[in-house]
Amino acid sequence: MSSDPLAPPPASPGPERPGLLEGRRGLLFVVSAPSGTGKTTVVERVVQQVPDLAMSRSYTSRPARPGETDGIDYNFITRARFEEMIAADAFLESADVFGNLYGTSAEDAERDLAAGRDLVLVIDVQGARLVRQRCATVGVFVLPPSFEVLERRLRGRSADSEADMQRRLQTARDEVAAFVEYDYVVVNDEIEACVDRIRAIVLAERARLGSARYAAESIVTTFDKS
Ligand code: 5GP
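Residues numbered from 1 in each chain as written. Predicted model: local features only at pLDDT ≥ 70, side-chain atom pairs only at ≥ 80, totals over all residues. Heavy atoms only, no water.

Trainee: Quick question: what am I supposed to make of empty space enclosed by the protein here?
Mentor: One simple way to see leftover space: roll a probe sized like a water molecule over the atoms. Tallied over the entire structure, the rule returns 1 cavity of 30 Å³ or more. Considering only enclosed or pocket space, the largest cavity measures out at about 40 Å³ in volume. In terms of lining, the largest cavity is formed by F29, V31, V43, V46, V120, V140, I198 and V202. Taken together, the elements giving at least two residues each to the lining of the largest cavity come down to strand 1 (28-32), helix 1 (39-49) and helix 7 (191-207). Split by residue class, the lining of the largest cavity holds 8 nonpolar, no polar and no charged. (1 Å grid on protein atoms, 1.4 Å probe; cavity = no way out; pocket = protein on both sides within 12 Å on 5 of 7 lines; lining within 4 Å. Points joined across faces, edges and corners; volume = space filled by probe spheres on them. Helix = DSSP H or I, 4+ residues; strand = E, 2+ residues; numbered from the N terminus. Nonpolar A, V, L, I, M, F, W, Y, C, P; charged D, E, K, R; others polar.)

Trainee: Sorry, what's going on with helix 4 (residues 125-134) here?
Mentor: Residue pairs three or four apart in sequence face the same way in an α-helix, which turns once every 3.6 residues. Those residues of helix 4 that fall on the buried side of the exposure criterion are V125, G127, A128 and V131. Looking down the long axis of helix 4, one finds its buried residues gathered within 155 degrees of arc, a one-sided arrangement. The inward-facing, buried residues of helix 4 abut strand 1, strand 5 (91-97), strand 7 (118-122), strand 8 (138-143) and helix 6 (162-176). (Buried < 20%, exposed > 50% of the residue type's maximum accessible area, 1.4 Å probe, protein only. Arc of directions from axis to C-beta. Contact = heavy atoms within 4.5 Å.)

Trainee: In this structure, what is going on with the packing of helix 1 against helix 7? I would like to understand it.
Mentor: Two measures define how a pair of helices packs: the angle their axes make with one another and the distance between the axes. In the contact formed by helix 1 and helix 7, the axes pass within 9 Å of each other and the chain directions differ by 55 degrees. Between helix 1 and helix 7, the crossing angle belongs to the class labelled oblique. Viewed along their axes, helix 1 and helix 7 form a crossing whose handedness is right-handed. Contact residues: T41, V42, R45, V46 and Q49 in helix 1; I191, E192, C194, V195, I198 and R199 in helix 7. Across the contact of helix 1 with helix 7, the residue classes tally to 6 nonpolar, 2 polar and 3 charged. (Axes fitted to C-alpha atoms, helices over the stretch in contact; angles between N-to-C directions. Parallel < 35°, antiparallel > 145°, perpendicular 65-115°, else oblique. Left-handed = near helix turned anticlockwise from the far one by under 90°.)

Trainee: Please clarify how the packing of helix 5 (residues 147-157) against helix 6 should be interpreted in this entry.
Mentor: For the pair helix 5 and helix 6, the least separation of the axes is 11 Å and the interaxial angle reads 145 degrees. Between helix 5 and helix 6 lies a crossing of right-handed hand. Taken together, the residues of helix 6 that come into contact with helix 5 (itself represented by F147, L150, E151, L154 and R155) are E162, M165, Q166, R168, L169, A172 and R173.

Trainee: Hey, could you run me through the side chain of S211 in this one?
Mentor: Summarising the element assignment, S211 is placed in helix 8 (residues 209-222). When its relative accessible area of 7% is taken as the criterion, S211 is described as buried.

Trainee: What is the right way to look at the site of the ligand in this model?
Mentor: Inspection of the region around the ligand gives 15 residues, with S58, R62, Y74, Y102 and D124 positioned closest. V122 places a polar main-chain atom, nitrogen or oxygen, 3.4 Å from an oxygen atom of the ligand. Contact with the protein chains hides 92% of the accessible area of the ligand, taken as 510 Å² for the molecule alone. Those elements giving two or more residues to the shell around the ligand turn out to be strand 5 and strand 6 (100-105). (Near = heavy atom within 4 Å. Polar contact = N/O pair within 3.5 Å; in protein donor to acceptor, adjacent residues only side chain to side chain. Areas by Shrake-Rupley, 256 points an atom, 1.4 Å probe, with all protein chains shown as cover.)

Trainee: I'm lost on the nonpolar core in this one. Help?
Mentor: One recurring pattern in soluble globular proteins: nonpolar side chains tend to sit buried together. In this structure, F29, V46, L53, V120, V142, V186 and I198 are the most contacted members of the largest nonpolar core, which totals 20 residues. Those elements giving two or more residues to this core turn out to be strand 1, helix 1, strand 7, strand 8 and helix 7. Here this core takes 5 residues from helix 7, the largest share from any one element. Excluding its chain neighbours within four sequence positions, the residues that come into contact with V142 are V31, S32, A33, P34, T37, V186, N188, C194 and I198. Formed by 14 residues, the second largest nonpolar core is a distinct cluster that contains L119, A128, F141 and A178. (Core = buried A, V, L, I, M, F, W, Y, C linked by side-chain atoms within 4.5 Å.)

Spelled out as structure tokens, the structure:
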């Protein structure tokens, strides 16, 4: 039987090549944007496309909107229960947004991060500041293309009163100034382009030395054996 000297060697049953995510703690991504920017839709698509990346499910005291499901869109709880959880220090961060309480469970987040899975929190600017004080994060701020576009999107999707609309727009004006507190800024001009940009950020952060070191070291040790 003649063998082709240029053929690759047969696969040996050696140890599995470690993936980039092996042996490391998950990365915590924090995505903020003014209401109406489309951040939730964009992040939902990113987590569908990137393995080992989950979107955190927040707790909120606001009532579910039509079409929203408890345990899927949010964990909907009463304000009293929310306050009990604050008293028990159960939140990594929490904030009052438009009169309702929102928070990220510390236990839920820790479960993912300890298992080496990356997690995305889609939270407001106040919550992002609190998380940043407590742990290492990769912050991504999503901007709409302009104020006019944001106003058009908000008016198109909501049945809010004019007073509520003005409050949302004023909050947006205040929030956009916080973009400088984040590591990355992306514009949601076109949804698929915005998804691609955030996916690129996740993949780049995974390849940083601090994150990929353990996996790289296990590959490098295989070079000692030959
Ligand atoms: P909505 O009620 O429209 O779903 O969300 C209102 C705002 O609350 C959005 O800006 C959203 O990002 C923010 N939010 C959702 N969950 C959390 C959370 O767990 N913590 C904080 N700080 N903000 C949140």
